[in-house]
Amino acid sequence: MARWCYRHRLVVLLLWVGALFGLGAASSAAGTNYANVFSLPNTDSTTAYDLMEKAFPERAGDTDTVVWKVDDGSVRDESVRSRIGPALEEIGRMKGVGEVTDPYAEQGAAQISRDGRIAYAQITFTEQANGIPKELIEDVVDTAQAAERDGLQVELGGQAIARTQEPPQGTAEAVGILAAAVVLFLAFGSLFAMLLPIVVAIAGVGTGLVGTMLLSHVTDVPEVAPLLGSLIGLGVGIDYALFIVTRHRRGILRGMKPEEAAVTALNTSGRAVLFAGGTVCIALAGMLVMNMRFLDGVVVATSLTVVLSVLAAITLLPALLGLLGMRVLSRRQRRRLAAAGPEPAEESGLAARWSSYVQRHPRPVAAMAVVVMAALAIPVLSLRLGATDQGNHQESQTTRQAYDLLAEGFGPGFNGPLQVVVEGDAPAGLVNGIKSTEGVAQVAAVPPANGVTVIQVVPTTSPQSEQTDQLIDRLRDDVIPQSGAEAHVGGVTAVFKDFASVTGDRLPYFVATIIALGFLLLLVAFRSLVVPLTAALMNLIAAAASFGVLVAIFQWGWGTELIGVGKEGPITSFLPVIMLSLLFGLSMDYQVFLVSRMHEEWVHTKDNARAVRVGLAETSRVINSAALIMICVFSAFVLSGDMEGAMAGIGLAAAVALDAFILRTALVPAAMHMLGNANWWLPDWLEKRLPHLAVEPKEEAVAAAAEEEPVAAAGRSSVVHGFVRTADGDPIDGAAVTLLTKGGRQLDRVTSLADGSYIVSVPAPGAYLLATSAESYGSRAGQVVVTEGPLVYDVELAEGEVDAVN
């Protein structure tokens, strides 16, 4: 498929452009129909919600609030009424506004605070918040705030009003893409190579978002789903393309033609991308274990975006590689390739030195990593699930100020009233019992409607307070049963409390499911029991530490105003499930990429220390680059204007940073050095029963044995490995080690790492020549005889020395 896409690049490009614009046109015509269905089946708050719909079916529109406060005097003063009254009348005449409840009307006395300094009016629109034209909302805000004067403050709150505070759509995505572009340019040094992952990610995310908009008409998709889909889609889309482009560029630098390099890159890294994308989708599908309708839409949106990002990486990317040809390399690389010929890929000196350091000091490295992760995980012990509201907005926003004014004038519980819903008339004992309950500020029973009575209960504490949760429990467990009535406690606060309770109850099953799934996948991929056990433990450590960071910032308030996300509060109830799914998928990506290289070395050499050292040295740079890109993309979602999006962005950025820079770069390799050969242990009976799964097949050997070497033409492949050192025993970094037939044909060529280690592939047992050279030193060549197993062969170079071939 890669070759077909490479050769028919214009057809592939036209198909992708047509799909993007066609879906875009369809979604623009159809619009969106997002549904925030937070209620859960068989919960008390859902029963209350269903009864309220029966009682008041006509209250379908969004209700928002205008709040005003005077510094001196009373809101009843004529000077205030003469400004506020006409503004409310003008708002009431606007098309799309159904009703305005005026505190200056006969029934409006309760809408004025006891001290007379704060009052509010409620605006009921004819549509829900998402269906109200933004121009109408802006007209309402402008009209209300035009009544302000010195000493008279006017603020507005509500779901529709919050839409006017949202930053321009795509701001977070644009900032994330720009930051990723900088990282890619530094990594590749080429403008065209930098653009490839970004174009691929935009194609995948773009089609995913418009597809989600269309799906919102046939299934319940929450409003936060497309934001989460673009967040994960940009991250994995850029990273997957980065892996493939890196392998493609390496192939060209080693002398392959662009087409063959692209085919090889897709057959190696492309297979890993398919595996990684599949694991992310499986992890996301694990959310279905929670049996929550709200999460079903999140699974649909995020999985669709990941699938399309993978599809773009394996179809659109080879087509773009075909368009660029050699321009995927920088000009300097192309000139050097033309002048000096193909060269082996050189490892980063820093990566090689760090890998050697971890090998020499595994225990201190592991201990330091565990201490850091444990310290970051401490805040998770105080994790409290709940819901964010406009009280968590930034202090400068009108919705936050309206929230604070209502709390000041009518009590902190006014922003989150509870509804006790009863079929038929409410018994007097129930109303009196609620009034005398600790934590209740006000109680008002609404006259029965359609056979249902609603008792409005205003708590003394804020919606996010633990005391409010305790009040809900008292009403359900004590007050209602004692009254003998069949009543249910509802309202937004009760809905989110039930959501948090159900999430907490089902979360262990969800975690067990995704951990078990990851264990099985890695068990099949790497034929080991210890590697998947280690990965499962690392996933739990990463989750605990990342949630610790989340609690410290968003629940404890460490730096919330600094990063512009408003006031601290509980962690959104559904966030742990979504974050754990995404974290599991991303951790699997890095684990597979790292351990697959180690496993390849282990299969060749049966030397665990070398396998771990070489695997870390060769993959840490690309893993860290990929992680840095994801951190940039995820962190940019602080600018989304959505608290849940900011939480998810910061949480995932912290998780990726800890996973890549501490776990995969330090703790995992250190633990594998300490475990030794036990890393690769698998009982024989299990080995025979496991299916074989090739995650990322290694590239084919450079050449087979020459015709003049018949003894080497049969048998199994092997390796020669060892160290290149000076006469004093110091390692030589960057020495060229070449394996040749006795007739002089080159079979493999590598560059020694910072610790002087090297490894060359041998096609079969036999006699070969091994030539070694390095700048500032002489060259040395000698005959090596390889039998059935790997051969250890150390080379010593002296300055100016040339050794003749036997």
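What counts, and at which threshold
Residues numbered from 1 in each chain as written. Predicted model: local features only at pLDDT ≥ 70, side-chain atom pairs only at ≥ 80, totals over all residues. Heavy atoms only, no water. Helix = DSSP H or I, 4+ residues; strand = E, 2+ residues; numbered from the N terminus. Buried < 20%, exposed > 50% of the residue type's maximum accessible area, 1.4 Å probe, protein only. Contact = heavy atoms within 4.5 Å. Lys, Arg positive; Asp, Glu negative; His and termini not counted. Charge placed at Lys NZ, Arg CZ, Asp CG, Glu CD. Pairing = 2+ DSSP bridges. Axes fitted to C-alpha atoms, helices over the stretch in contact; angles between N-to-C directions. Salt bridge = Lys/Arg side-chain N within 4 Å of Asp/Glu carboxyl O. Left-handed = near helix turned anticlockwise from the far one by under 90°. Nonpolar A, V, L, I, M, F, W, Y, C, P; charged D, E, K, R; others polar. Patch = residues over 30% accessible without salt bridge, like charges linked within 9 Å, V, L, I, M, F, W, Y side chains within 5 Å. Areas by Shrake-Rupley, 256 points an atom, 1.4 Å probe, with all protein chains shown as cover. Expected span 1.5 Å × (residues − 1). Arc of directions from axis to C-beta. Core = buried A, V, L, I, M, F, W, Y, C linked by side-chain atoms within 4.5 Å. pLDDT = per-residue confidence, 0-100. Phe/Tyr/Trp six-rings, centres within 6.5 Å; stacked < 30°, edge-to-face > 60°. Parallel < 35°, antiparallel > 145°, perpendicular 65-115°, else oblique.

1. Here's the deal with the overall build of the chain
The helix and strand tally for the chain stands at 23 helices and 18 strands. Counting only C-alpha atoms, the chain reaches 110 × 50 × 45 Å along its principal axes. Residue burial in the chain is summarised as follows: out of 806 residues, 56% are buried. Within the chain, residue pairs in contact and separated by at least 24 positions form 77% of the contacts whose partners lie at least 6 positions apart. Computing the positive centroid from 56 side-chain charges and the negative centroid from 80, the chain places the two 9 Å apart.

2. Remarks on the side chain of Ser 216
For Ser 216, the location among the structural elements is in the loop between helix H8 (191-215) and helix H9 (225-253). Leaving out residues up to four positions away in the same chain, Ser 216 has contacts with Thr 32, Asn 33, Tyr 34 and Val 221.

3. Notes on the environment of Thr 65
Residue placement: Thr 65 occurs in strand S1 (residues 63-70). According to the relative accessible area criterion, Thr 65 is buried, its value standing at 15%. Separated by 57 residues in the primary sequence, Thr 65 and Gln 122 place their C-alpha atoms 4.6 Å from one another. Those residues in contact with Thr 65, other than ones at most four positions away along the chain, are Tyr 120, Ala 121, Gln 122, Glu 155, Leu 156, Gly 157 and Leu 406.

4. Quick look at the sheet that holds strand S8 (residues 452-459)
The strand order across the open sheet formed by four strands is S7-S8-S6-S9, and the pairing between neighbours is antiparallel. Strands with a single pairing partner mark the edges of an open sheet, and in this sheet they are strand S7 (440-449) and strand S9 (487-490). The mean inter-strand angle of the sheet, taken between neighbouring strand axes irrespective of direction, is 20°.

5. Here's the deal with the pattern of salt bridges
Under the criterion given, the structure shown has 12 salt bridges. Notably, a salt bridge pairs Glu 687 with Arg 527, separated by 3.3 Å at the nearest N-O pair. Placement of the pair is Glu 687 in helix H23 (residues 684-689) and Arg 527 in the loop between helix H18 (492-526) and helix H19 (530-555), with a sequence separation of 160 residues. Here Glu 687 falls in the partly exposed class, since its relative accessible area comes to 28%. Ionic contacts of the salt-bridge type, sharing partners, join the residues Arg 3, Arg 7, Glu 259 and Glu 260 into one network.

6. Describing the packing of H18 against H19
Their axes nearest at 8 Å, the elements H18 and H19 cross at an angle of 145°. The handedness of the crossing between H18 and H19 comes out as right-handed. For the pair formed by H18 and H19, the contact residues are Val 511, Ile 515, Phe 519, Leu 522, Leu 523 and Phe 526 on the first element and Val 531, Pro 532, Leu 533, Ala 535, Ala 536, Asn 539 and Leu 540 on the second. Grouping the constituent residues of the contact of H18 with H19 by class yields 12 nonpolar, one polar and no charged.

7. Concerning a negative patch on the surface
A grouping of Glu 90, Glu 135, Glu 138, Asp 139 and Asp 142 is seen on the molecular surface, where their side chains present a negatively charged patch. Sorting elements by how many residues they give to the negative patch places helix H5 (residues 134-145) first, with four residues. For Glu 138, the location among the structural elements is in helix H5.

8. Focus on helix H14 (residues 362-377)
Along its 16 residues, H14 runs 22 Å from first to last C-alpha, staying within 8% of the 22 Å computed at 1.5 Å per residue. Buried within H14 are the following residues: Pro 362, Val 365, Ala 366, Ala 369, Met 373 and Ala 377. Projected down its long axis, H14 carries its buried residues within an arc of 100°, all on one side. Set apart from the buried face of H14 by more than 90 degrees, the exposed residues are Arg 363, Met 368 and Val 371.

9. Notes on the sheet that holds strand S2 (residues 97-101)
Spatial ordering of the open sheet is given by S2-S3-S1-S4, a layout of four strands whose pairing is antiparallel. Each end of this open sheet is capped by a strand with a single partner; those strands are S2 and strand S4 (152-157). Across this sheet, the average inter-strand angle for adjacent strands is 20°, counted without regard to direction. Here S1 pairs with strand S3 (residues 118-125) via seven bridges, running antiparallel. Following the sheet pairing, Val 67 is matched in S3 by Tyr 120. Against the sheet, helix H4 (residues 78-92) touches S1, S2, S3 and S4, its axis set at about 155° to S2. Those strands touched by helix H15 (residues 398-410) are S1, S3 and S4, and its axis lies near 110° from that of S4.

10. Some thoughts on the environment of Ile 578
Its location among the elements puts Ile 578 in helix H20 (residues 575-605). In the structure, Ile 578 is positioned 37 residues away from Gly 615 in sequence and 31 Å away in space, judged by C-alpha atoms. For Ile 578, the contacting residues outside a window of four places in its chain are Leu 228, Met 287, Leu 295 and Val 298.

11. With respect to the nonpolar core
Formed by 156 residues in total, the largest nonpolar core has its most connected members in Tyr 240, Met 287, Leu 295, Phe 554 and Phe 634. Here the element with the most residues in this core is helix H22 (residues 643-675); it accounts for 19 residues. What Met 287 contacts, discounting residues up to four positions off in sequence, is Leu 295, Val 298, Val 299, Phe 510, Val 577, Ile 578 and Ser 581. If you look at the next biggest cluster of nonpolar residues, it comprises 30 residues, including Ile 91, Ala 121, Leu 136 and Val 140.

12. A word on the pairing of S3
Most of S3 is tucked away: six of the eight residues are buried. Here S2 pairs with S3 via four bridges, running antiparallel. Note on S3: the bridge partner recorded for Glu 99 is Thr 124.

13. A word on the confidence of the model for the chain
Any residue range with low pLDDT should be treated as having predicted coordinates unsuitable for detailed reading. Mean pLDDT over the chain works out to 84, with 93% of the residues at or above the 70 mark. The low-confidence segment residues 698-715 (pLDDT under 50) makes 35 contacts with residues lying over four places distant or belonging to another chain.

14. What to know about the environment of Gly 566
Among the structural elements, Gly 566 can be located in the loop between H19 and strand S10 (571-572). For Gly 566, a relative accessible area of 0% corresponds to the buried category.

15. Some thoughts on the packing of aromatic side chains
This model, assessed by the stated rule, comprises seven aromatic pairs. On the numbers, 5.7 Å between centres and 20° between planes, the contact of Trp 354 with Tyr 357 is stacked. Of the two residues, Trp 354 and Tyr 357 are both situated in helix H13 (residues 349-360); the distance of three residues between them amounts to about one turn of the helix. For Trp 354, a relative accessible area of 31% corresponds to the partly exposed category. Judged by centre distance (5.8 Å) and plane angle (15°), the rings of Trp 602 and Trp 680 are stacked. Here the residue Trp 602 occupies a position in helix H20, and Trp 680 occupies one in the loop between H22 and H23, the gap between them amounting to 78 residues. Since its relative accessible area comes to 11%, Trp 602 is described here as buried. According to the relative accessible area criterion, Trp 680 is buried, its value standing at 8%. Grouping aromatic residues by their ring pairs yields a cluster made of Tyr 120, Phe 410 and Phe 414.

16. Side note on unusual backbone geometry
In the Ramachandran plot, Asn 450 falls in the positive-phi region, its phi being about 55° despite a non-glycine side chain. Looking at the secondary structure, you find Asn 450 in the loop between S7 and S8. Overall, the relative accessible area of 51% leaves Asn 450 in the exposed class. With a phi angle near 50°, Arg 527 is a residue other than glycine that sits in the positive phi range. Accessibility expressed as a relative area gives 13% for Arg 527, which makes it buried.

17. Remarks on the packing of H19 against H20
The geometry of H19 relative to H20 is characterised by a closest axis approach of 10 Å and an angle of 135° between their N-to-C directions. Put simply, H19 runs oblique to H20. Note on packing geometry: the crossing formed by H19 with H20 is right-handed. Residue-level contacts link Val 531, Ala 535, Asn 539, Ala 542, Ala 543, Ser 546, Phe 547 and Leu 550 of H19 to Leu 575, Pro 576, Met 579, Leu 580, Leu 583, Phe 584, Ser 587, Gln 591 and Val 595 of H20. The class makeup of the residues in the contact of H19 with H20 is 13 nonpolar, four polar and no charged.

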